[in-house]
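A structural walkthrough
One letter stands for each residue in the lines below.
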Amino acid sequence: RFGFSFTFSNDLLFVSAFNDINEQSQYGKVYVYSFDNLFSNNMNYINIIEGHQFISQFGYDVNYYNNHLYVSEPMYNHGTGLINKYDNNFNLIKC
């Protein structure tokens, strides 16, 4: 489900792919691209952020706010759900 949700900052584009296959498992991913400006056709792939649990729908929704990336994982822990928060270096911040 590449492109189900996306968000961007000044020079980064975040594209979700919940249930994306990773070594025969569906962990979900968020692809990170850099670009020169919003109207540029030149985007560069720079990172992938991967989910943590099988079929948790990591990346179902993504949002960038106040220099942090937020990634939803609605089926985490059998449907309890989780919002993951990342810093500018794509490191997970414990909430």
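Above this note sits the structure.
Please read these numbers as outputs of a predicted model, since none were measured by experiment.

This part is about the nonpolar core. Formed by L12, F14, V30, V32, I49, F58, V62, Y64, L69, V71, Y86 and F90, the largest nonpolar core amounts to twelve residues. Put simply, the parts of the chain that give this core at least two residues each are strand 2 (12-17), strand 5 (29-35), strand 7 (62-65) and strand 8 (68-73). Residue contacts for V71: discarding those within four places in its chain leaves V30, F58, G59, D61, V62, L82, I83, N84 and Y86. In this structure, A17, Y31, Y33 and F35 belong to the second largest nonpolar core, which totals six residues.

Turning next to the sheet that holds strand 8. The four strands lie next to each other as 7-8-9-10, forming an open sheet whose pairing is antiparallel. With partners counted over all chains shown, the strands left at the sheet margins are strand 7 and strand 10 (92-93), one partner each. Pairing of strand 9 (residues 82-86) with strand 10 involves two bridges; the strand directions are antiparallel. The residue bridging Y86 from the neighbouring strand is L92, located in strand 10.

A few words now on the pairing of strand 7. Looking along a regular strand, one sees the side chains alternate between the two faces of the sheet. In strand 7, alternate side chains face the same way, and those of V62 and Y64 are buried while those of N63 and Y65 on the opposite face are not. Sheet analysis places strand 7 next to strand 8, joined by four bridges and oriented antiparallel. When the sheet's bridge partners are listed, V62 is paired in strand 8 with V71.

This part covers the packing of aromatic side chains. By the definition in use, this model includes seven aromatic pairs. Arranged with centres 6.2 Å apart and planes meeting at 70 degrees, the rings of Y33 and Y45 form a pair that is edge-to-face. Of this pair, Y33 sits in strand 5 while Y45 sits in strand 6 (residues 43-50), and the two are twelve residues apart along the sequence. On the accessibility criterion, Y33 (18% relative accessible area) is buried. Here the aromatic cluster, defined as three or more aromatic residues joined through ring pairs, consists of F4, F18 and Y60.

Here four strands make up an open sheet; going across it, the order is 1-2-5-6 and the pairing antiparallel. One side of each edge strand has no neighbouring strand; the edge strands of this open sheet are strand 1 (2-8) and strand 6. This sheet shows a mean twist of 25 degrees between the axes of neighbouring strands, independent of strand direction. Bridge count for strand 1 against strand 2 is four bridges, and the pairing is antiparallel. Directly across from F6, in strand 2, lies its bridge partner V15.

Rules of the game
- Residues numbered from 1 in each chain as written.
- Predicted model: local features only at pLDDT ≥ 70, side-chain atom pairs only at ≥ 80, totals over all residues.
- Heavy atoms only, no water.
- Core = buried A, V, L, I, M, F, W, Y, C linked by side-chain atoms within 4.5 Å.
- Buried < 20%, exposed > 50% of the residue type's maximum accessible area, 1.4 Å probe, protein only.
- Helix = DSSP H or I, 4+ residues; strand = E, 2+ residues; numbered from the N terminus.
- Contact = heavy atoms within 4.5 Å.
- Pairing = 2+ DSSP bridges.
- Phe/Tyr/Trp six-rings, centres within 6.5 Å; stacked < 30°, edge-to-face > 60°.
- Axes fitted to C-alpha atoms, helices over the stretch in contact; angles between N-to-C directions.

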